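Results of the structural survey
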Amino acid sequence: MAREKFQKVHSSAVPVHIENVDTDQIIPARFLKATTRDGFGENLFRDWRYDGNNQPIADFALNNPIYSGDILVSGKNFGCGSSREHAAWAITDFGFKVVVSSFFADIFKNNALNNGLLPVQVSDAFLAQIFEAIEADSKATFTVDLQAQTFTIDATGASASFEINTYKKECMLNGYDDIDYLLSLKDKIEEFEKKRA
Amino acid sequence: MAGKTLFDKIWDAHVVEQIEDGPSVVYIDQHLIHEVTSPQAFAGLDARGLKVLRTNRTVATPDHNVPTIDQDKPIRDDLSRFQVDKLTENCERHGVTLYGLNHPYQGIVHVVGPQLGITQPGMTIVCGDSHTSTHGAFGSVAFGIGTSEVEMVLATQCLMQSKAKRMRITVDGELGPGVGAKDIILYIIAQITASGGTGYFVEYAGSAFRNLSMEGRMTVCNMSIEMGARGGLIAPDETTFEYIRGREFAPKGADFDAAVAKWRELYTDADAVFDAELHFDAADIEPMITYGTNPGMGVKVTGNVPNLSDIEESGRTSFSKSLEYMGLVPGELLLGKQVDYVFVGSCTNGRIEDLRAVAQFVKGKKKADNITAWIVPGSKQVEKQAQEEGLVAILEEAGFMLRQPGCSACLAMNEDKIPKGKYAVSTSNRNFEGRQGPGARTMLASPITAAAVAVTGKIVDPRDL
Ligand code: SF4
C-alpha cells in the first residue's frame, strides 16, 4: 500500500539531549494496549513529559514552546530496548519526520524506515554541533535532503552525509513498502519452499 | 575459501533473494505471536484482503498483558481484555494455533517455544518481541521484529533484512560458586555497554557456555539484545539434542535421529572469520547486579556505584540522571542497601531451573519482613512442574507469592507494578526508567542473588549465605 513520499525536510528541531533513550521512555508499556496504530503521539515520552499528577514538566523539550519542528534530535544509542513499533508510531504521530542521533538501535531503525520516519545517523562531533546550533537559537533550521543523503545546519552551512541503503531510500522517496515487494515474490517464495522440502 | 560462521550457514540457507545494495529476503521457519505487537499486523492483512500464508509455521500465545491472578475469570482491565480477545479472534479467523489463557501450553512466548520443542537448531525464528534472541540458545537465528515486519511474515513467510555483522564472544574457564548464566551475561554487557553489540549477531563460544544447561544458555541469548545485538546464538551440542528429545513438537524416532545428524553440521568452521572477537575469563565473573537504568550499568554485587570520574565525559549527564532516578550516589557501596521487592520471573529467568534454584536456596528460610516477593512461572508447564516437584510448597512456606504465568512485572503492562520509588531486585532483563512501573527502581540480578536478597531484605552477596 502506498505511503506518503518522503520530501525534503526544512525545519527547526526539538532537542532531547539524552543518551540511550530506550523504547520504554519513548512509549511506556502501559500505553501499548491499543489495537490500532493511531494516537500514540499523545503518550510520546509520557513519563518525561508529565509528572505523577499528569502535569506537564515544564523543562522537558517537548513541553517547551521555544522548540518545535519536524526533526527530533537525541543522544547516542536512540531507540534501544524493545521491538515495539509503537515507538516509531508515537514519534510520527507526534509529527516528527526525521530523528537524528549518533547511533540507533537496529530494530528501531527498521521500524522507523517502515513507517516513513527517517533515522539520520551522524558523528558524535556533528551531533554536538546540531545541539549547539539549537542552543544558540531554538528556531535554528536544518535541511534534510534524502535524495542527496545530507543533513545541513542552515545557520553555519555545515553539512554531514548519512547512510541509507539504496533499496530503503527508493522506498522512502517513492512511498513503497516492503510488503508490496514481498508479495510480488510469491512464486519465488514457493519455489524456495519446494526446494527445501 | 574461508569457512563460514554458524550464523552465516543458517542465514545463507534462508535467503530467497538478495537485493543489490539492499536487504536480503529471508525465509522464516517459525513465527511466534503475542497479543501486543500483532493486532495492527492482522489489521494490515485484512486491509489488503490477505490471509496468513503458512499457519503451520505460526503459533500464538498471550503473555505481555495477561493478569497473573484469577486467570480463569474474565480479564478485568477493559483494554487488556480487548487486546487478548483480539488475538483470539485474529487467530481463529486465520486458522493460527493459539495457546490462550488457561490452555496448558500458555506462557511467555520465549518460554513456550523451546519447551514444546517448536524451537529447533538451524531455524530462522522471529517474533514481534526483542527477546526472541532467547531461541538462539538452540543454534537458531532468532530475532525480534516490529509490527510491520510481523505483517510481512504473516503475509509472505519472509522478511527483508540486512545481514548483521558477526561477533564472537568467547568465555573460557570455570565459573565460581554462586555464579550463573545471568551473571555471565550481565558481566559481558557491563564490559561492552548497552550498545556494544549494535549491528552484530553474536555467537557465544567457549567452555563457560558449553557447560551451561539449555535454560542457562537461554538466559544468555535472551539478553543479547541488551547489548544492542540483533541476536545471539550458541552452536547446538548433546545438551541441546537431549533437551529437545521427546518434546511435543520435536521430531520423533528415526526422524529425530535424522534431524540430529543435520543439526551436528551446525557449527562455525575453524577458519571462519568474525567482524569482531571478544574474550573473557570465567574466573573474573562474580555475582552481578545493576545500579542504573540500562542493563550495561552493572557491577559485581560486592562493588560500588562508579564515580563520575569513571564515566566518559559525554555520558556524564545521562549517568547522573540515571543515579538520581535510582536514588543512588556515585561511589556508593551497594551491599546492605535495603530492598522492597523481589521479582523472579520473565523470559530471562522464569524457567523451571530458575524456580528450582530459588526454591533450593530459600528452603527452610523465610523472606525478610520488608520484602514483597513475587514468583511468576514463565508458562503453565513451568507452573505445573513446579507444583509437581514440590517447589511451590517450599516457596510459599518461605513467604513468596506465586502468581500465574505471564510477563508480569517484567514490563508492568498489567497490574503487577513496582510502586514509585521502591527498589526491586529483579531476575528480568531491563532496568529502564519506569520499566517495572512509573518510578520503579529496578536492579537486575540472577535468581540466586534475588533469593538471597529476599531472605535478608537487602543487597547481599549470595555466597555469604
Ligand atoms: S518476560 Fe519481559 S522481556 Fe520477556 S517477553 Fe515478556 S515482557 Fe518481554
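To be clear, the structure that these remarks concern was listed above.
Worth saying up front: this structure is predicted, and the values here are computed from it rather than measured.

**What about the pattern of salt bridges?**
The tally for this structure, following the rule as stated, stands at 43 salt bridges over all chains. A salt bridge links K186(A) to E190(A); the shortest N-O distance between them is 3.7 Å. Here K186(A) pairs with E190(A), and both are found in helix α8 (residues 186–196), just 4 residues apart, close to one helical turn. On the basis of relative accessibility, which here comes to 27%, the residue E190(A) falls in the partly exposed class. One salt-bridge network, held together by shared partners, links R37(A), E85(A), D177(A), D180(A), R48(B) and E151(B).

**Structural notes on the sheet that holds strand β7 (residues 141–144) of chain B**
Residues and elements named next belong to chain B. Strands sit in the order β5-β4-β3-β6-β7 across an open sheet of 5 strands; the sheet is parallel. The open sheet has two edge strands with one neighbour each: β5 (97–98) and β7. Relative to β5, strand β4 (residues 58–60) runs parallel, the two being bridged by 2 bridges. When the sheet's bridge partners are listed, A60 is paired in β5 with L98.

**Thoughts on empty space enclosed by the protein**
By rolling a water-sized probe across the atoms, one finds the places where empty space is left. Residue and element names in this part refer to chain B. Under the counting rule described, the total for this entry stands at 6 cavities of 30 Å³ or more. Considered as a void within the structure, the largest cavity measures approximately 220 Å³ in volume. H64, D129, H131, L411 and R435 are, among the 25 residues lining the largest cavity, the residues nearest its centre. Counting residues per element, the ones that place at least two in the lining of the largest cavity are α4 (109–115) and α12 (346–349). In the lining of the largest cavity, the residues fall into 9 nonpolar, 11 polar and 5 charged.

**Points about the layout of surface pockets**
Empty space within the largest pocket amounts to approximately 1,000 Å³. Taken together, 34 residues form the lining of the largest pocket, with D47(A), W48(A), I57(A), F60(A) and K321(B) sitting closest to its centre. Of all elements in the fold, only β1 (9–16), α2 (46–49) and α5 (124–136) of chain A together with α11 (316–326) of chain B reach the threshold of two or more residues within the lining of the largest pocket. Broken down by element, the lining of the largest pocket gets its largest block of residues, 5 residues, from α11(B). Looking at the lining of the largest pocket residue by residue, the classes come out as 13 nonpolar, 10 polar and 11 charged.

Conventions used here
Residues numbered from 1 in each chain as written. Chains lettered and ligands numbered in written order. Predicted model: local features only at pLDDT ≥ 70, side-chain atom pairs only at ≥ 80, totals over all residues. Heavy atoms only, no water. Salt bridge = Lys/Arg side-chain N within 4 Å of Asp/Glu carboxyl O. Helix = DSSP H or I, 4+ residues; strand = E, 2+ residues; numbered from the N terminus. Buried < 20%, exposed > 50% of the residue type's maximum accessible area, 1.4 Å probe, protein only. Pairing = 2+ DSSP bridges. 1 Å grid on protein atoms, 1.4 Å probe; cavity = no way out; pocket = protein on both sides within 12 Å on 5 of 7 lines; lining within 4 Å. Points joined across faces, edges and corners; volume = space filled by probe spheres on them. Nonpolar A, V, L, I, M, F, W, Y, C, P; charged D, E, K, R; others polar.

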